[in-house]
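# Summary of structural features
This is what each chain is made of:
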Amino acid sequence: MRRGLLILSAIAFVATKSVAQCRVESSSNEGKLLAFYTAPIAFSMATAPEVLPPWSIRLGAEGEYIPKPDQALERTGLCFTQKSEHTSLSPVFGRPRITIGGPFGFAVEAAYLPPVTIARATPNLFSFAVSQSHHFVAGPVVSGMTLSVRAHGTFGNVKGPITCPRSSLQQSNPTAPCYGTTQSKDTFHPDMFGAEAAVGFAPGAGGFSWYAGAGANRIDPHFQVGFTDANGNVDRTEVVLSEPVVRATVFGGVTAVLRNILDVGAQVYSVPSDATLFRLMGGIRIR
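Computed from a predicted model, the values in this text were never measured in an experiment.

## Comments concerning the side chain of Gln-224
Looking at where Gln-224 falls in the secondary structure, it is placed in strand β12 (residues 222-224). Separated by 3.3 Å, the side chain of Gln-224 and the backbone oxygen of Arg-236 make a polar contact. Those residues in contact with Gln-224, other than ones at most four positions away along the chain, are Asp-186, Thr-187, Arg-236, Thr-237 and Glu-238.

## With respect to the layout of surface pockets
Here the second largest pocket is characterised by a volume of approximately 370 Å³. Along its surface, the second largest pocket is lined by 24 residues, and Pro-49, Glu-50, Ala-202, Ser-209 and Val-257 are the ones closest to its centre. For the lining of the second largest pocket, the secondary structure elements donating two or more residues are β8 (145-160), β10 (192-201), β11 (208-219) and β16 (245-258). A breakdown of the residues in the lining of the second largest pocket according to their chemical character gives 10 nonpolar, 11 polar and 3 charged.

## Describing the confidence of the model for the protein chain
Atomic detail in the predicted coordinates should be set aside for any region of low pLDDT. Scored by pLDDT, the protein chain has a mean of 87; 87% of the residues are at 70 or more. Note on residues 1-18: pLDDT under 50 across the span, and 4 contacts to partners over four residues away in sequence or across chains.

## Some words on the state of the cysteines
Covalent bonding between the sulfur atoms of two cysteines is what defines a disulfide. For the structure shown, the criterion picks out 1 disulfide. A disulfide bridge connects Cys-164 with Cys-178, and the sulfur atoms are separated by 2.1 Å. Disulfide Cys-164-Cys-178: the torsion about the S-S bond is -90°, which places it as left-handed. With a gap of 14 residues between them, Cys-164 in the loop between β8 and β9 (186-189) and Cys-178 in the loop between β8 and β9 connect regions that are remote in the sequence. Cys-164 sits in the buried class, given a relative accessible area of 4%. When its relative accessible area of 5% is taken as the criterion, Cys-178 is described as buried.

Rules used throughout
- Residues numbered from 1 in each chain as written.
- Predicted model: local features only at pLDDT ≥ 70, side-chain atom pairs only at ≥ 80, totals over all residues.
- Heavy atoms only, no water.
- Helix = DSSP H or I, 4+ residues; strand = E, 2+ residues; numbered from the N terminus.
- Polar contact = N/O pair within 3.5 Å; in protein donor to acceptor, adjacent residues only side chain to side chain.
- Contact = heavy atoms within 4.5 Å.
- 1 Å grid on protein atoms, 1.4 Å probe; cavity = no way out; pocket = protein on both sides within 12 Å on 5 of 7 lines; lining within 4 Å.
- Points joined across faces, edges and corners; volume = space filled by probe spheres on them.
- Nonpolar A, V, L, I, M, F, W, Y, C, P; charged D, E, K, R; others polar.
- pLDDT = per-residue confidence, 0-100.
- Disulfide = S-S within 2.5 Å.
- Buried < 20%, exposed > 50% of the residue type's maximum accessible area, 1.4 Å probe, protein only.

Below, the structure written as C-alpha cells:
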C-alpha cells in the first residue's frame, strides 16, 4: 500500500511538471506577445456597413500581412530560460468567410480556417459575428449614412514550432534551451470576443463606400509548449495571462461594389496597444 502511494505521488508530480502553468501579466514580454499575435486574427467587418437583403449571401475572403514584433518583446524569461523566441510562423494570414443577410437589417457571419499548413503555421480557427445595420437619410453626404453595430468572436488554435524551431535545436548542452533533434510542436490559442460600431457613407454614384469605426476586444490568449528533448523529457508548460484583458480597437476602410455582384475593399485595423494591420477583402454576392 505504501509503495502504491509512492507511485501515485510520483505520477502526480510528473503530471504537474508536464502541464505546469505559468501566469503572466499583460505588461510582461510574454503577455505582450500573446496580445500581439491575437490582433491579426480578430474577426473584423468585411465591408462598409450596409443593409443586406434578407437571405442574401456573400462569399468572401480576406488576407493581410502579419508584422513582426519588436525584437525586445521576443526576449522572454519569466516562464523559461531567457532566450529569443521565433514567433513569426507565417508572414501572412487569410481566411474565407460567409455572410447571410437577415430581416430587419440583421446579418450573421462565419469563417473557418482548416488545419492546412501555411509556411510553418497550421491553423484551426472558427470565427463568427452577428450585426445589425440601419440606413439613415441624414448624414455627411446626400445619400445619407449607414450605422452598423456588431459582436464577434474567434476561438481555436494555431500550431507550429515557436519555442524550439529547427534553427534553434542544439545537442551540445543538455541544460541549455532546445537540447534535442526534433523541433517543438507548440500551440497558440487566440481566444477572444469583441464588439464594434461603424459608420459608412457613399459620397458618389461610383459604388465606393467609406467607413470608420471603433470597438473593444476581450482577449484571453494562451500558449502551450510542446517540446521533447534528447533525454525524453517533455515540456508542456502553458503560458496564460493572469486575467483576460480588454483592448480598444479602431478601424477604417473603403469598399467598392461592382454591378451588385462583386466587391473589393481595403481596411486598416488597429489595436493601438498591440499592432496595426492592413487587410484586403473581396467577395461574391448571391441575391
